[in-house]
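Fold and geometry: a report
Here are the chains, one letter per residue:
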Amino acid sequence: MASKGEKERAANIARHKEMLMKLGLDKPTFEPKEKRHRPAASSKKRKSTNEDSTEPPRKAARAESSPTENEPESTDTSIRRSSRIRRQKTEMEEKKLLVLNDQNDSEPRQTGKRIHDPKVFGSIPGIDVGAWWETREACSNDAIHAPWVGGISGGKGGAYSVALSGGYEDDVDLGYAFTYTGSGGRDLKGTKNNPKNLRTAPQSSDQTFEDRTNKALQRSSETKKPVRVIRGFKLKSKYAPSEGYRYDGLYTIEKAWMEKGLNPEGYLVCKFAFKRLPNQPPLPVRDTDPTEETD
DNA sequence: GGGCCCGCAGGG
DNA sequence: CCCTGCGGGCCC
């Protein structure tokens, strides 16, 4: 039984997908399987319980795979995380990172301890494509995507980074390309009679390119400057990590436009088409595609 | 699962 | 100081 909203969603998805396909004539084919960071352990109990000395390294995991999409062969199924090859500078930076993150004693956590500026275009030194964090906060500390909640980080020169976390139901993710929705047009404060203090909320008005972050994305579509992209576990895509957040490298914005959003009232949203830059490690895929309703 | 509430970073 | 925002914890 396809409700009206579901039909619109399907139509939007089909339209977005078709557009992305045209961007993907040179799409890569090699897609390794995702490596889980948290196999099955319930993971949901981290407070200040000081024990667990056998904790997974909650720091910015170095990239887990290495082959570039150009040379998939090499059959290196035993990819250890030995990506720390020579290169002393990175070595130094990594040590600093370790120090900064190794306050696992009892310190709640100290923010504002970045060693790199997130407000730059392109990659961040020492953070490889494929890096993984459990939380947005940790990702922010590594300067890949600064906002703890917001999906878009950008300035007047364009966007620095975006987070794909499934916030908009008609966005399409093909891995090498995806569509993305802008910010704004939501009632985060609720109404006068029913005041809220929310971080996300349903659409309640048109989005606009006057919005600072939307404008940054639009700018990037003109300048073609690279944008860092992270995918989160809430994203409905086979390219989404099963848990946490993963840095998936650099994309350019190929197109910016406005269209009717999925909301019942048909408020306008800003849409953007991203395309992944070549010569980056391939995107891992998970075994189960969250898009296929498996439940 | 949903609802609510909250801190925080970032920008004006 | 104010506001926003594709989190996250907690409660039910």
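Residues numbered from 1 in each chain as written. Chains lettered and ligands numbered in written order. Predicted model: local features only at pLDDT ≥ 70, side-chain atom pairs only at ≥ 80, totals over all residues. Heavy atoms only, no water.

1. Digging into the overall build of chain A
- Helices and strands together make up the secondary structure of chain A, namely 4 helices and 7 strands.
- Helices and strands appear in chain A in the N-to-C order α-α-β-α-β-β-β-α-β-β-β.
- Classification of the 295 residues of chain A by burial places 40% in the buried group.
- In chain A, of all internal contacts separated by at least 6 residues, the share reaching a separation of at least 24 is 67%. (Helix = DSSP H or I, 4+ residues; strand = E, 2+ residues; numbered from the N terminus. Buried < 20%, exposed > 50% of the residue type's maximum accessible area, 1.4 Å probe, protein only. Contact = heavy atoms within 4.5 Å.)

2. Topic: the pattern of salt bridges
- Counted under the stated rule, the structure contains 10 salt bridges.
- With a closest N to O distance of 2.8 Å, D171 and K271 form a salt bridge. Of this pair, D171 sits in the loop between β3 (158-164) and β4 (177-181) while K271 sits in strand β7 (residues 268-276), and the two are 100 residues apart along the sequence.
- Overall, D171 belongs to the partly exposed group, its relative accessible area being 23%.
- Among the residues examined, K271 registers a relative accessible area of 1% and is labelled buried. (Salt bridge = Lys/Arg side-chain N within 4 Å of Asp/Glu carboxyl O.)

3. Observations concerning the confidence of the model for chain A
- Mean pLDDT over chain A: 78, with 72% of residues reaching 70 or higher.
- The model gives residues 39-58 a pLDDT under 50, and that stretch makes 10 contacts with residues more than four places away or in other chains.
- Low confidence marks residues 69-111, where pLDDT is under 50. Its contacts with residues over four positions away, or in another chain, come to 44 contacts. (pLDDT = per-residue confidence, 0-100.)

4. Section: the packing of aromatic side chains
- On inspection of all chains with the given rule, the structure shows 7 aromatic pairs.
- Their ring planes at 45 degrees and their centres at 5.0 Å tell us that F121 and Y160 sit as a pair that is tilted. Of this pair, F121 sits in the loop between α2 (88-101) and β1 (132-133) while Y160 sits in strand β3, and the two are 39 residues apart along the sequence.
- Between F209 and F272, the ring centres sit 5.9 Å apart and the planes meet at 85 degrees, which makes this aromatic pair edge-to-face. Taken as a pair, F209 in the loop between β4 and α4 (212-223) and F272 in strand β7 lie far apart in primary sequence, 63 residues in all.
- The class of F272 is buried, set by a relative accessible area of 0%. (Phe/Tyr/Trp six-rings, centres within 6.5 Å; stacked < 30°, edge-to-face > 60°.)

5. Here we look at the nonpolar core
- Judged by nonpolar contacts, the single largest core of 21 residues is most densely connected at V162, F178, Y180, L217 and F274.
- Broken down by secondary-structure element, the contributors of at least two residues to this core are β3, β4, α4, β5 (227-232), β6 (245-260) and β7.
- Of all hydrophobic cores here, the second largest spans 14 residues; its members include I124, V129, C139 and A163. (Core = buried A, V, L, I, M, F, W, Y, C linked by side-chain atoms within 4.5 Å.)

6. Here we look at the pairing of β7
- Counting buried residues along β7, 8 of its 9 residues qualify, which places the element largely inside the surrounding structure.
- In the sheet, β4 pairs with β7 via 5 bridges, with the strands oriented antiparallel. Of the residues in β7, the one forming a bridge with T181 is K271.
- For β6 and β7, the ladder comprises 9 bridges, and the chain directions are antiparallel. Paired with K255 across the strands is A273, a residue of β7. (Pairing = 2+ DSSP bridges.)

7. Details of α4
- Taking 1.5 Å of rise per residue, 12 residues should cover 16 Å, and α4 covers 16 Å from first to last C-alpha, within 8% of that figure.
- Within α4 the residues assigned to the buried category are T213, N214, A216, L217, S220 and S221. Seen end-on, α4 carries its buried residues on one side only, within an arc spanning 155 degrees. Turned more than 90 degrees from where α4 packs its buried face, R212 and E222 sit exposed.
- Looking at the buried residues of α4, the elements they touch are β2 (152-155), β3, β4, β5, β6 and β7. (Expected span 1.5 Å × (residues − 1). Arc of directions from axis to C-beta.)

8. Some details on the pairing of β4
- Of all 5 residues in β4, 5 are buried; the element is thus mostly enclosed.
- What you see with β4 is no split at all: A177, T179 and T181 on one side and F178 and Y180 on the other are buried throughout.

9. Structural notes on the UniProt feature "domain: YDG" (unreviewed entry) in chain A
- As annotated by UniProt and renumbered to match this structure, "domain: YDG" (unreviewed entry) occupies residues 122-276.
- Helix and strand shares over residues 122-276 are 12% and 32% respectively, and the end C-alpha atoms of the span are 12 Å apart. (UniProt positions renumbered as here; feature names shortened; annotations may be inferred.)

10. A short note on unusual backbone geometry
- Positive phi is not limited to glycine here, since A143 has a value of about 70 degrees.
- Structurally, A143 is set in the loop between α3 (136-141) and β2.
- The buried category is assigned to A143, whose relative accessible area is 0%.
- We note that N279 has phi near 60 degrees; this positive angle belongs to a residue other than glycine.
- In this structure, N279 sits in the segment after β7.

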